[in-house]
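# Understanding the architecture of this molecule
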Amino acid sequence: MHLLSASCVCALLITVLLRQVSGLETVIGLYGETLEIPCNNGAIKAENVMITKWKYDKGEGLSGDLLVKRKNQNVSISATDEYHGRVSLAANSSLLLSAAKLTDQRTFTCMLVVDADITEYPVNVVIYKTPADLEISDKAEELEIGKLTKLGTCVARDANPAANITWLKNNKPLVADGKGVSIQVSVQVDPDTGLSTTTSTLEYSAEKEDTDAQFTCSTQHTVGEELVSSPVIFTITYSTENVVLQVIAQEPLVEGDNVTLKCVADGNPAPTSFNFHLKGELVKVEDTDTYTITNVSRDTSGEYKCSLIDDPTMEASKDIAVKYLDINLSPSGNIVKSANETLDLTLQIDASGESKILWTKDNVKLDKQPKFTKLTYSDSGRYECEVTMGLLSRKASFELLVEGAPVISKLVKQRSVDGTHKVLICEAEGSPKPAVSWSINGTSLDESPFVNGKITHKITVVPTANLTVSCTVSNEFGADTRAINVSSLFEDVRVKVDKQDQLDDSDQTKLVVGVVVGLLVATLVIGLAYWVYMKKSKQGSWKTGEKESGSSEEEKKLEEKVEENSQKAEV
């Protein structure tokens with residue numbers, strides 16, 4: 001085998017182009033396949049051709065015969081060299097050349113004899129072949145940042161013309177710049193086949209961003225599709241530049257939990273041994289990058305550090321805060337008190353941050369912490385406080401029971417709408433639940449639920465005479481009694497009739513008084529109108545000097561009218 005320089009390849013391509021420009025017809029064939037070389041492209045009809053002959057240029061001015069076809073005779077093949085058994089004639093006088101190879105790149109001439117004329121049609125043949133494959137070999141084990149390293153060699157085998165190889169990183173072409181990218185190309189030609197093998201070697205200076213980058217090589221041949229090698233990924237090595245300390249723990253971190261410290265260095269390969277600084281204590285770990293602190297307490301809070309063993313100056317730090325929340329409620333549990341006593345309530349909170357307090361009584365939210373300066377039966381119940389700080393929560397509770405002798409707070413009577421009976425209602429407070437009794441027997445006994453130390457008891461009675469009824473409440477601490485007067489139903493009816501009569505008399509009296517007052521008002525209005533009239537009349541007489549005789553009769557009529565109204569008012 002021998003090397004074919006890139007200049008020789010270019011010369012070959014230029015030669016082909018020059019022949020095309022000069023008017024010589026060129027036919028391109030594919031290596032290993034059958035090539036059809038046309039004869040004048042059918043410009044002369046076959047029935048007019050007397051003889052068809054094909055020959056080829058052997059070089060140095062010599063030619064070699066391939067075959068002859070005379071009119072109305074079979075084809076006579078005369079090829080005795082490398083074309084023996086490879087040539088035949090198509091029906092349209094084209095030369096069929098099987099198993100094309102690079103040595104077939106020459107000029108083939110079709111000679112036609114028509115009548116007495118002899119015409120030749122030379123055709124130039126070019127054979128192309130795409131690379132057999134494309135692969136990257138001699139790959140580097142790893143790439144170091146900032147160091148020009150041989151990445152690999154890309155080989156395109158058995159092509160014609162020789163393949164041009166392009167290196168790519170993440171599908172973007174790499175261009176040699178003499179610094180971070182260097183590409184060396186060589187071409188070898190097989191002396192037997194004439195096919196070329198192109199070898200391209202890439203030297204590359206990696207960067208940190210090249211981690212997980214995909215390197216490929218490709219070639220786009222004159223014929224056929226683009227070939228792309230399988231991608232390769234390289235390990236990028238670089239020294240540590242930064243260290244980060246991570247704290248791995250559940251949130252929030254509370255007393256009793258575990259916390260893991262993880263030291264992360266950005267070098268590749270990453271360091272596997274570290275120093276952990278635990279609040280003044282130095283702990284060295286090998287073949288790991290973590291250290292776990294178990295059962296933390298509030299004293300664990302503080303600053304922690306980690307560093308490289310081989311470079312202690314490269315370190316990182318992190319603050320750890322252990323959250324805690326303690327509460328103390330006094331008193332707690334079951335509390336029994338007497339009514340009117342005082343209960344002092346104290347809630348102490350020890351927390352690592354700001355907290356919120358929620359009070360409830362029997363699961364009902366309270367606006368603020370309860371105060372018991374004078375206990376009542378309604379204060380009985382279950383009290384609970386919940387203190388929260390972020391996601392932390394603590395609860396405490398107590399059960400309060402206020403006891404004492406019962407007291408009747410209300411004793412009333414009500415008459416039914418239809419007036420057939422009366423309802424007596426006795427309301428009392430006390431704890432434990434008081435028993436209720438009446439001095440008379442009644443019906444339709446009704447007792448309310450005992451809630452917050454209160455109870456209501458009702459009975460229905462039909463009194464036929466006036467009487468006094470008492471209600472008594474009692475429990476183990478004492479008793480209370482209260483009485484109420486209850487009139488008979490008949491007495492109620494008589495009183496109602498008397499009130500109606502009094503109401504009728506009162507209505508008549510009001511009517512008479514109203515009539516009298518109305519008459520008096522009318523008399524006053526008429527008298528006032530008369531006085532005004534007389535005053536105006538006298539003023540008019542003074543002005544004209546006339547006598548007032550004309551108004552005397554009117555005055556008499558007016559006086560008679562006033563006297564008549566006065567008599568009616570007296571009646």
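Conventions adopted
- Residues numbered from 1 in each chain as written.
- Predicted model: local features only at pLDDT ≥ 70, side-chain atom pairs only at ≥ 80, totals over all residues.
- Heavy atoms only, no water.
- Phe/Tyr/Trp six-rings, centres within 6.5 Å; stacked < 30°, edge-to-face > 60°.
- Lys NZ or Arg CZ within 6 Å of the ring centre and 35° of its normal.
- Pairing = 2+ DSSP bridges.
- Helix = DSSP H or I, 4+ residues; strand = E, 2+ residues; numbered from the N terminus.
- Polar contact = N/O pair within 3.5 Å; in protein donor to acceptor, adjacent residues only side chain to side chain.
- Contact = heavy atoms within 4.5 Å.
- Axes fitted to C-alpha atoms, helices over the stretch in contact; angles between N-to-C directions.
- Disulfide = S-S within 2.5 Å.
- Buried < 20%, exposed > 50% of the residue type's maximum accessible area, 1.4 Å probe, protein only.
- pLDDT = per-residue confidence, 0-100.
- Salt bridge = Lys/Arg side-chain N within 4 Å of Asp/Glu carboxyl O.

### Examining the packing of aromatic side chains
- Tallied over the entire structure, the rule returns 8 aromatic pairs.
- Members of the aromatic cluster, connected to one another through ring pairs, are Tyr56, Tyr83 and Phe108.
- The ring of tyrosine 324 has arginine 298 sitting right over it, with the charged end atom 3.8 Å from the ring centre.

### Thoughts on the sheet that holds strand S18 (residues 215-219)
- The 4 strands are arranged S15-S14-S18-S19 in an open sheet whose pairing can be described as antiparallel. Each having just a single partner strand, strand S15 (172-173) and strand S19 (227-228) make up the two edges of the open sheet.
- When strand S14 (residues 166-169) meets S18, the two strands line up antiparallel, connected through 4 bridges. What sits directly across from lysine 169, in S18, is phenylalanine 215.

### Focus on the side chain of lysine 55
- Structurally, lysine 55 can be placed in strand S4 (residues 51-59).
- For lysine 55, the side chain forms a polar contact with the side chain of glutamate 120, separated by 3.1 Å.
- Excluding anything up to four places from it in sequence, lysine 55 contacts Ser63, Gly64, Asp65, Leu66, Thr107, Phe108, Thr109 and Glu120.

### Quick word on the sheet that holds strand S22 (residues 259-265)
- One open sheet holds the 3 strands; their spatial order is S21-S22-S25, and the pairing between them is antiparallel. Among the strands making up the open sheet, the edge pair consists of strand S21 (243-248) and strand S25 (290-293). In this sheet, adjacent strand axes meet at a mean angle of 20° when their direction is disregarded.
- Sheet topology note: the S21/S22 ladder contains 6 bridges and is antiparallel. Within S22, the residue paired with glutamine 246 across the bridge is lysine 262.

### Regarding the state of the cysteines
- Inspection of every chain in the model, using the stated rule, returns 4 disulfides.
- Each sulfur of the disulfide joining cysteine 39 and cysteine 110 lies 1.9 Å from the other. Its torsion about the S-S bond being -60°, the disulfide of cysteine 39 and cysteine 110 is classed as left-handed. Of the two residues, cysteine 39 is situated in the loop between strand S3 (35-37) and S4 and cysteine 110 in strand S9 (residues 107-114); the sequence distance between them amounts to 71 residues. Both residues of the pair, cysteine 39 and cysteine 110, count as buried.

### Quick word on the confidence of the model for the protein chain
- Counting all residues, the mean pLDDT for the protein chain is 83, and 84% of those residues have values of 70 or more.
- Low pLDDT (under 50) marks residues 495-501, which in the prediction has 0 contacts with non-local residues, meaning those over four places away or in another chain.
- Taken together, the stretch residues 565-571 has pLDDT below 50 and engages in 5 contacts with residues farther than four places along the chain or on a different chain.

### Some points on the pattern of salt bridges
- All chains considered together, the criterion is met by 15 salt bridges.
- For arginine 382, the salt bridge identified is with glutamate 384, shortest N-O distance 3.5 Å.
- Taking relative accessible area as the criterion, arginine 382 reaches 36% and is therefore assigned partly exposed.
- Residue glutamate 447 is joined to lysine 433 by a salt bridge in which the shortest nitrogen-to-oxygen separation is 2.9 Å. Linking glutamate 447 in strand S37 (residues 443-447) with lysine 433 in the loop between strand S35 (422-431) and strand S36 (435-438), this pair joins segments that are 14 residues apart in sequence.
- Glutamate 447 sits in the partly exposed class, given a relative accessible area of 36%.
- Within the structure, one salt-bridge network assembled from shared partners comprises Glu255, Arg298, Asp326 and Asp350.

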